[in-house]
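# Breakdown of the fold
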Amino acid sequence: MSTPLTLIGLGPMGQAMVAKFLANGHPTTVWNRTASRADGVVALGATRAATVREAVDASKLIVLSLTDYAAMYDILDGQSIAGKTIVNLSSDTPAQTLKAAAWAAERGAELLAGGVMVPAPLVGEEGAYVFYSGPRAVFDEHRDTLAVIGRPDHLGEDHSLAQLFYLAQLDYFLTTLGGLLHSFALVRSAGVPFAKFAPYLKDNADSMSMYLEETVRNLEEGEYPGDLANIVMMGATADHVVGASEASGVDDELPKAIQSLYRRGIAAGRGHENWTALYEVIKPAG
Ligand code: NDP
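Residues numbered from 1 in each chain as written. Predicted model: local features only at pLDDT ≥ 70, side-chain atom pairs only at ≥ 80, totals over all residues. Heavy atoms only, no water.

Put simply, the test is: UniProt positions are given in the numbering used here, feature names are shortened, and annotations may be inferred rather than shown by experiment.
In the nomenclature of an unreviewed UniProt entry, the protein corresponds to 3-hydroxyisobutyrate dehydrogenase-like beta-hydroxyacid dehydrogenase from the organism Saccharothrix australiensis. As stated in UniProt under Sequence similarities (unreviewed entry), the record for the protein gives "Belongs to the HIBADH-related family."

Pasting the structure below:
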């Protein structure tokens, strides 16, 4: 029989995970603060726990899909969790993840921290993956079960790593989504239909991965050669984006943040280095 598990937290992500666990034959017990949110997955075959205690007692493997780590304490503080493996797939800071690992250890439980890298409709679908960090042996024990919701990638024993990778991915994602909407606002300010600009933006988005190889090489070597796209030239363009935003009444906070990076790169004497030298402005000092 496939490993039974308990899943606590039935937002869109938790519900999608339960559906996949059930479809793969894992007996799944569920609990959610707002009980009605369990109705859909119970109809699919999940067992509804009436209390947190019942949910924790039902399985050794407890998967959490909550808004943050504070929700885990709200739910599990005061409950005996000795001998349990808690896989927390909720978002938070790396520091909170480390604190939670100590909290679990004090109570005789193991914590695996995770970060799911796809939205709910893609959970368990082709290309889905999930970062994990924490004890390797615990990960190995549950790897096959966890594979149901996406390819499990174990990053290391340090509990904070999964959250760090997750947030670094979200850092890029959120910044890019902000840029995407800003671009649309700029063209729309001239009355251009969104759909007319969309194919060009798609072309731009599709080409982003092309910059990765050169970026990694420059960052690894700490050298930023290249005069095709240096900081002075790119910075002038950043000024123009701010100017166009101001002139059209489009919010300028996002392009101003980018403009600031380029200005500080120039002030640091890096104007004639490749744009990748902005890393020196961004990274921690010292
Ligand atoms: P939701 O915010 O919809 O669901 C969060 C769950 O946490 C709900 O079950 C909610 O209960 C519960 N919860 C929150 N606070 C408390 C609390 N204090 N006590 C008890 N229960 C609490 O989130 P999602 O399902 O969208 O996401 C879950 C996690 O997955 C988040 O950390 C999110 O960042 C991450 N994630 C989300 C993605 C997405 O596309 N949605 C993609 C990748 C990761 P209740 O129903 O009672 O409110």
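The structure having been displayed, the exposition proceeds.
### Observations concerning the packing of aromatic side chains
In plain terms, the rule: Only rings of Phe, Tyr and Trp enter the pairing, Trp through its six-membered ring, and a pair is recorded when the two centres are within 6.5 Å. The plane angle decides the type: under 30 degrees is stacked, over 60 is edge-to-face, the rest tilted. Secondary structure elements follow DSSP: runs of H or I of four or more residues count as helices, runs of E of two or more count as strands, with numbering from the N terminus. Exposure categories follow from relative accessible area, calculated using a 1.4 Å probe and restricted to protein chains: below 20% of the type maximum is buried, above 50% is exposed, and the middle band is partly exposed.
Using the criterion set out here, one finds 7 aromatic pairs in the structure. Where Y73 meets W103, the ring centres are 5.1 Å apart and the plane angle is 80 degrees; that geometry is what we call edge-to-face. Taken as a pair, Y73 in helix α4 (residues 69–76) and W103 in helix α5 (residues 94–106) lie far apart in primary sequence, 30 residues in all. Both residues of the pair, Y73 and W103, belong to the buried class.

### Here we look at the domain arrangement of the protein
Short version of the rule: Segment limits for the domains were obtained from an automatic or database-derived domain assignment. Contact definition: two residues touch when any of their heavy atoms are within 4.5 Å. Buried area: the accessible surface (1.4 Å probe) lost by two parts on joining, summed over both. A pairing counts as a salt bridge when a side-chain nitrogen of Lys or Arg comes within 4 Å of a carboxyl oxygen of Asp or Glu. Residues adjacent in sequence count toward polar contacts only when both atoms are side-chain atoms; beyond that, a polar contact is any pair of N or O atoms within 3.5 Å, and within protein one must be able to donate a hydrogen and the other to accept it. Residues are grouped as follows: Ala, Val, Leu, Ile, Met, Phe, Trp, Tyr, Cys and Pro are nonpolar; Asp, Glu, Lys and Arg are charged; all remaining types, including Gly, are polar.
Taken domain by domain, the protein consists of domain 1 (5–157) and domain 2 (165–282). On a C-alpha basis, the centres of domain 1 and domain 2 stand 37 Å from each other. On the side of domain 2, 5 residues touch domain 1, which itself brings 10 residues to the contact. Interface area, domain 1 with domain 2, both sides summed: about 560 Å², of which 79% is carbon and sulfur. Linking domain 1 with domain 2 are 0 salt bridges. Run the count over domain 1 and domain 2 and you get 1 residue pair in polar contact (both at pLDDT 80 or more). Looking at side-chain class alone, the side of domain 1 that touches domain 2 contains 6 nonpolar, 3 polar and 1 charged residues.

### Looking at the environment of S209
Along the chain, the position of S209 falls in the loop between α8 (194–206) and α9 (212–221). Of the residues examined, S209 reaches a relative accessible area of 52% and is grouped as exposed. C-alpha separation for the pair S209 and M234, spaced 25 residues apart in sequence, amounts to 19 Å.

### Focus: the site of the ligand
Heads up, the rule is: Any residue with a heavy atom positioned within 4 Å of a molecule or strand is treated as near that molecule or strand. Residue-level accessible areas treat just the shown protein chains as cover; the underlying method is Shrake-Rupley with a 1.4 Å probe.
Close contacts around the ligand come from 22 residues, with N32, T34, R37, L66 and S91 the closest. Interatomic distance of 3.2 Å between a backbone N/O atom of P12 and an oxygen atom of the ligand. At a separation of 2.9 Å, a nitrogen atom of the ligand approaches a polar side-chain atom of D74. Taken by itself the ligand offers 900 Å² of open surface, and the protein chains cover 76% of this. Top element by residues in the shell around the ligand is α4. It accounts for 3 residues.

### Some details on the side chain of N218
Inspection of the secondary structure puts N218 in helix α9. A distance of 2.7 Å separates polar atoms of two side chains, one belonging to N218 and the other to T276. Those residues in contact with N218, other than ones at most four positions away along the chain, are E223, Y224, P225, N274 and T276.

### Topic: α8
Going by this rule: One fewer than the residue count of a helix, multiplied by 1.5 Å, yields its expected span. The angle separating two fitted axes, one through the seven residues that finish at a residue and one through the seven that start at it, defines the bend at that residue.
Here α8 spans 18 Å end to end across 13 residues, near enough to the 18 Å set by a 1.5 Å rise per residue. At Y200, α8 is deflected by roughly 25 degrees, the largest bend along its length.

### Looking at the pattern of salt bridges
Applying the stated criterion to the full structure yields 15 salt bridges. K202 is the partner of D206 in a salt bridge, and the nearest nitrogen-oxygen pair spans 2.6 Å. Linking D206 with K202, this pair stays in helix α8, spanning 4 residues, or about one helical turn. Connected through salt bridges with shared partners, the residues D77, E106 and R107 form a single ionic network.

### Topic: a nonpolar patch on the surface
Just so we agree on the cut-off: Patch building starts from residues that exceed 30% relative accessible area and form no salt bridge, then joins like charges within 9 Å and nonpolar side chains (Val, Leu, Ile, Met, Phe, Trp, Tyr) within 5 Å.
Among the surface-exposed residues, F173, L174, L177, L180 and L181 lie close enough to one another that they form a single nonpolar patch of about 470 Å² accessible area. Structurally, F173 can be placed in helix α7 (residues 161–188).

### Observations regarding the sheet that holds strand β7 (residues 129–133)
Within a sheet, neighbouring strands are paired by backbone hydrogen bonds and run either parallel or antiparallel to one another. Let me state the cut-off plainly: Any two strands are treated as partners once DSSP identifies two or more bridges connecting them. Lines fitted to C-alpha atoms define the axes here, with helix axes fitted over just the stretch in contact, and angles between the N-to-C directions of these axes take values from 0 to 180 degrees.
The sheet built from 8 strands is open, its strands ordered β3-β2-β1-β4-β5-β6-β7-β8 with mixed pairing. The open sheet has two edge strands with one neighbour each: β3 (47–48) and β8 (151–154). One ladder, built from 4 bridges, connects strand β1 (residues 5–8) with strand β2 (residues 28–31); its direction is parallel. Along β2, the bridge assignment pairs T6 with T29. Running at roughly 145 degrees to strand β5 (residues 85–88), α4 makes contact with β1, β2, β4 (61–64), β5 and β6 (110–116) of the sheet.

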